[in-house]
Amino acid sequence: MKKARPEPTCPCGLGQVYAVCCGACIDNGVLPATAERLMRSRYSAYVLAREDYLLRTWHGSTRPAQLGLQEAGPVKWLGLKVLRTEAGGATDREAIVEFVARYQVNGRSERLHEVSRFVCEAGQWLYVDGQVTPA
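First, a word on scope: everything that follows refers to the structure included in this document. Each residue is numbered by its place in its chain's sequence as written, counting from 1. Side-chain atom pairs in this predicted model are given and counted only at pLDDT of 80 or more, local residue features only at pLDDT of at least 70, and totals for whole chains, interfaces and linings cover all residues. To get the side-chain values, take all heavy atoms of the structure and skip hydrogens and water.

**Here's the deal with unusual backbone geometry**
Apart from glycine, the bulk of residues carry a negative phi angle, and the bulk of peptide bonds sit in the trans form. Of note, the phi angle at Ala87 is positive, near 60°, even though the residue is not glycine. Here Asn106, not a glycine, exhibits a phi torsion of approximately 50°, which is positive. Within the element layout of this structure, Asn106 appears in the loop between strand 2 (94-105) and strand 3 (108-121). Numbering of helices and strands runs from the N terminus, with a helix taken as a DSSP run of H or I at least four residues long and a strand as a DSSP run of E at least two residues long.

Put into structure tokens, the structure is as follows:
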């Protein structure tokens, strides 16, 4: 009897199976209920190079035409740590999520420390922009 392969854990760091965590948003269109969940799903989208999801969840006032993730070269995402959240729940209209994402480019370890701004429009959380803190 062939042993079933375990389902992959979600890259966002919550320890859940991808399909029921960020995969529900990225692959199946489920709207993240909070700004933090949107930020986590966007991190997973970067890990998976899902530019379509990143652009779809980016506020129209700041959304670029494209990100060029496929042309950017190999990036290996290593982990995400959420440092703080301000607001971002069901009754909020704006939120802040501060995080650190670790990654490698050409074998060199890097980190992205960002304070991101989100807005909720028509029941959907959207990424607006972020202030990057120098490493």
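**A few points about the nonpolar core**
Residues belong to one nonpolar core when they are buried, are Ala, Val, Leu, Ile, Met, Phe, Trp, Tyr or Cys, and are joined through side-chain atoms within 4.5 Å. Each residue's exposure class comes from its accessible area (1.4 Å probe, protein chains only) as a fraction of the maximum for that residue type: buried when under 20%, exposed when over 50%, partly exposed otherwise. The biggest cluster of nonpolar side chains holds 25 residues, and the ones touching the most others in it are Cys22, Phe118 and Trp125. In terms of residues, this core owes the most to one element, helix 2 (residues 35-47), which gives five residues. The residues touching Phe118, leaving out its near neighbours within four places in the chain, are Ala35, Leu38, Met39, Arg93, Glu94, Ala95, Val97, Trp125, Leu126, Tyr127 and Val128. Contacts are assigned to residue pairs with any non-hydrogen atoms lying within 4.5 Å of each other.

**Focus on the layout of surface pockets**
Counted as a void, the largest pocket has a volume near 280 Å³. Cavity: a set of points on a 1 Å grid over the protein atoms alone where a 1.4 Å probe fits but cannot get out. Pocket: an open set with protein on both sides within 12 Å along at least five of seven lines, its lining residues, like those of a cavity, having an atom within 4 Å of a point. Taken together, 14 residues make up the lining of the largest pocket; nearest its centre are Arg42, Tyr46, Phe99, Leu112 and Glu114. If you list the elements that add at least two residues to the lining of the largest pocket, you get helix 2, strand 2 and strand 3. The nonpolar class holds Ala, Val, Leu, Ile, Met, Phe, Trp, Tyr, Cys and Pro. Asp, Glu, Lys and Arg form the charged class, and all remaining residues, Gly among them, are polar. For the lining of the largest pocket, the residue count by class is 11 nonpolar, one polar and two charged. Grid points are joined across faces, edges and corners, and a volume is the space filled by probe spheres set on the points.

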